[in-house]
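Structural features, examined
The chain contents come next:
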Amino acid sequence: MEDSDGEDIVETPELPLEIIVYILRFLHPSDRKEASLVCRSWYYASQDQRFQKNVTFCFPASASSLELVRGLGRKSRCSLIISQLDGFSISRSLLLEVGLCLGPKVESLALPGSSITEASLLTLLPRLTSLRRLDLRGLDSLFMSGAFLSREEHRQQVRSALCGLEELDLSDLRYLSDLTFNRLTGCTPRLRRLSLAGCHIAFEFDPYRGCPVGAVEDSSALLSLRNLRRLLTEQKSTLVALDLSRTSITPESLRTIAQVPDLVLKELFLHGCKELTDYSVEILVKHQPSLHKLDISGCTELTSRSVEAISKGLKSLTQLSLSRDWRITEKGLADLLSVPSLRTLDLSECLHINGTEIVKGLKGSNAGRAKLDALNLRSCTYIRDLAVFSLTQLLGDSLRELDLTSCDNVTDLSVRAVATYLQKLVVLRLGWCKEVTDWGLLGMVQTTNCELDEDSGDKGPRFTRTFGNMGFFKPPRMPFEDRPKLVTQNDLEQFKQQAGASLLALNRLQELDLSACSKLTDSSITQVVHYPDLHRLSLSMLPEITDASLASVAWHCRSLTSLALSHCPGISDRGVAQAAPYLHRLQHLYLSCCNNITDRSLFLLVQHCKRLRTLDISRCKNISSTTVDLLQSQLPFLENIHYKFIGGADLIQTV
């Protein structure tokens, strides 16, 4: 082949598909998605079967979704989340198309925010012969009449399709009754996971019959404990996970469930079950000692007695949530941290925790202590630098996620300890740690402030012309009077030359929250927030940062999918103009109360950030509703846009 000048042009041979697939194996899923847009052969390589595990497609009920469903017919298997379904023709046509094009390929189906009838659902369910997970949470329209699956022929059709179903989510159903529950679960004989969170379940005692409600006959109004126990007994050989969060379960009801013969639960979720007591936890631990995951967060009657029971009885525990169990103290935590299998611990809003016993439990031998992957200490206001310093040293080899949000006494010393010892961190949350400054992020020691000159300094209060300040009447200095010494250009030059541990050392970070750390400025954000794999970043309520920080973040963190800059008065159109060209992957952007943001920024988002799904521009007074309308029409994936009080108007809209 020759060009116009007569010179030979050597065509580059296309790489074999197997080679491209091999290359894509080393990329993060978000990077692989970008690579698939290079050309047709790279797209085909990205569709290789090994990359299609746990891939879920989300789309609303609309005419444009019909073509998407037809395109998915080329895939060997898929999971679907279809929102906003109703009883109109578009929804019925979409469900019919899913059944015809994807029927035996669908492994998981969820229908959030929908209101559909039994007839619509029955056009789809019998065709889903490979379904493993069904999410019907909040679909009251199906259960309100009590006639769901009342006809035998319908039950037979559904039973043949759902005989292999493993996960069933019936959360937040107000009208779930014994009758409808029996009909549906009778079609799913091999359940492994069942969620009834937020359902109205009759756990209470009937004084007239001397037995639990529903103990004699099936109820057409409520799901009863008797029927739930019957299901657990029938499917005890397969059922391993149960979610009863936000229900009115009582200690005696939990005992009834825990004592089902031969039932071996691995996961149990009881979040927000406020009637549970220490006694009920002790009974649970005694009869279900094989639990791996336990969530008893928001069970406000529980004390450290429950922690001690868990420590002694659940030797295979991997995840435990005690969040908002306000009566829990340090007692028992040392023994809990001596459970070698424990990987995730949530103690957020446990107000009496200071970390002393956690450290004590982690100081045991390597074989006899927990190797935590995730630790949540949010709003544990007694946590101080000494505890954080000890924890970082003890968990340096294992910890991947650390949440210190609203730990008021955490300072720069803790930040330097995190940067020094926890270099495998993937998630770090320091929001509302108001004592954290630029010095901590930079890994430097703040130089001593110069003393005020005696002649120019404040000599304190004078009470009369003859009675001056004698010293002991001088009021104590308050914490808010001490402004940190600003980082100078010379300090930054020193930072660039030193090998000390700054947050730059956390090069694996995928999520970072620095919101409301009000002493941070451009000096640290521009120098430290350089994470190529960072997906989520929150810099909200940082009054000192400017467009320089936004531009630097966009340049160095091009994998961002979520960026929060609300209440940052220094952010303007100029910063958005510099940042937007590098934020092609951005899906969620929060700019509320940024009054220097105008319509120009929205035009830039339309041009560069075409994958936006959520945008918050509430209280941005220089944005017009006309431009918002244009934005909605130009961004195809935009689902939620909040624009309350824009342009001085009292208006809120959620798409």
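Note that the structure is a prediction, hence the values are computed from the model and not measured.

For the structure shown, the criterion picks out 28 salt bridges. Across the salt bridge formed by Lys293 and Glu267, the nearest N and O atoms sit 3.8 Å from each other. Of this pair, Lys293 sits in strand β13 (residues 293-295) while Glu267 sits in strand β12 (residues 267-269), and the two are 26 residues apart along the sequence. Across the salt bridge formed by Arg378 and Glu349, the nearest N and O atoms sit 2.8 Å from each other.

Turning to the packing of helix α16 (residues 385-394) against helix α17 (residues 412-421), a few remarks are in order. Where α16 meets α17, the axes come as close as 9 Å, and the angle between the chain directions of the two elements is 0°. Comparing the axis directions of α16 and α17 gives the class roughly parallel. Contacts between α16 and α17 involve Asp385, Val388, Phe389, Thr392 and Gln393 on the former and, on the latter, Leu413, Ser414, Ala417, Val418 and Tyr421. Here the contact of α16 with α17 is built from residues that sort into six nonpolar, three polar and one charged.

Even without being glycine, His567 reaches a positive phi, approximately 60°. Along the chain, His567 falls in the loop between β21 (562-564) and α22 (573-579). The phi torsion at Phe645 lies on the positive side, around 60°, for a residue other than glycine. The topology assignment puts Phe645 in the segment after β24 (640-642). Given the relative accessible area of 28%, Phe645 is considered partly exposed.

A few words on α16. The complete set of buried residues in α16 reads Asp385, Ala387, Val388, Ser390, Leu391 and Thr392. The inward-facing, buried residues of α16 contact α15 (356-362), β16 (374-376) and α17.

On inspection of all chains with the given rule, the structure shows five aromatic pairs. Seen from their ring centres, Tyr43 and Tyr44 are 5.9 Å apart, and the 55° between their planes marks the pair as tilted. Measuring from ring centre to ring centre gives 5.2 Å for Phe143 and Phe148, while their planes differ by 65°; the resulting arrangement is edge-to-face. In terms of burial, Phe143 and Phe148 fall into one category: buried. The ring centre of Phe51 lies 4.3 Å from the NZ or CZ of Arg32, which sits over that ring. A cation over an aromatic ring shows up here: Arg558 above the ring of Trp555, its NZ or CZ 4.1 Å from the ring centre.

Core analysis: the biggest nonpolar cluster contains 170 residues, and Leu80 and Leu196 have the highest contact counts within it. Shared between two domains, this core holds at least three residues of each, these being domain 2 (329-443 + 485-509) and domain 3 (526-654). Ranked by size, the runner-up nonpolar core spans six residues in total, among them Ile20, Leu24, Ala35 and Phe51.

What follows concerns the environment of Thr411. Among the secondary structure elements, Thr411 is positioned in the loop between β17 (401-403) and α17. Since its relative accessible area comes to 22%, Thr411 is described here as partly exposed. Along the primary structure Thr411 and Val436 are separated by 25 residues, whereas in three dimensions their C-alpha atoms are 5.0 Å apart. Every residue in contact with Thr411, bar those within four places of it in the chain, is listed here: Asp385, Glu435 and Val436. Only 2.4 Å separates the side chain of Thr411 from the side chain of Asp385, close enough to count as a polar contact.

If you check helix α5 (residues 89-102), its first and last C-alpha atoms are 19 Å apart, about what 14 residues at 1.5 Å a residue would give, namely 20 Å. When α5 is considered as a whole, its buried residues turn out to be Ser91, Leu94, Leu95, Glu97, Val98, Gly99 and Leu102. Those residues of α5 hidden inside the fold are in contact with β1 (56-60), α4 (63-72), β2 (78-83), β3 (106-110) and α6 (118-122).

Burial of β1 is one-sided: the residues Phe57 and Phe59 facing one way are buried, the residues Thr56, Cys58 and Pro60 facing the other way are not. Inspection of the sheet shows β1 paired to β2 by five bridges, in the parallel sense. Pairing of Phe59 across the sheet is with Ile82, part of β2.

Looking at the protein, the pLDDT average stands at 88 and 86% of residues meet or exceed 70. Of the regions scoring below 50 in pLDDT, residues 206-210 engages in six contacts with residues more than four places distant in sequence or in other chains. Counting contacts from residues 449-475, a segment whose pLDDT is below 50, to residues more than four positions away or on other chains yields 13 contacts.

Quick look at the packing of helix α11 (residues 251-258) against helix α12 (residues 278-287) now. Look at α11 against α12: their axes get within 9 Å of each other, and the N-to-C directions meet at 0°. By the angle between their axes, α11 is roughly parallel relative to α12. Every residue of α12 that contacts α11 at Pro251, Glu252, Leu254, Arg255 and Ala258 is listed here: Tyr279, Ser280, Ile283, Leu284 and His287. Looking at the contact of α11 with α12 residue by residue, the classes come out as six nonpolar, two polar and two charged.

Analysis parameters
- Residues numbered from 1 in each chain as written.
- Predicted model: local features only at pLDDT ≥ 70, side-chain atom pairs only at ≥ 80, totals over all residues.
- Heavy atoms only, no water.
- Salt bridge = Lys/Arg side-chain N within 4 Å of Asp/Glu carboxyl O.
- Helix = DSSP H or I, 4+ residues; strand = E, 2+ residues; numbered from the N terminus.
- Axes fitted to C-alpha atoms, helices over the stretch in contact; angles between N-to-C directions.
- Parallel < 35°, antiparallel > 145°, perpendicular 65-115°, else oblique.
- Contact = heavy atoms within 4.5 Å.
- Nonpolar A, V, L, I, M, F, W, Y, C, P; charged D, E, K, R; others polar.
- Buried < 20%, exposed > 50% of the residue type's maximum accessible area, 1.4 Å probe, protein only.
- Phe/Tyr/Trp six-rings, centres within 6.5 Å; stacked < 30°, edge-to-face > 60°.
- Lys NZ or Arg CZ within 6 Å of the ring centre and 35° of its normal.
- Core = buried A, V, L, I, M, F, W, Y, C linked by side-chain atoms within 4.5 Å.
- Domains from an automatic or database assignment.
- Polar contact = N/O pair within 3.5 Å; in protein donor to acceptor, adjacent residues only side chain to side chain.
- Expected span 1.5 Å × (residues − 1).
- Pairing = 2+ DSSP bridges.
- pLDDT = per-residue confidence, 0-100.

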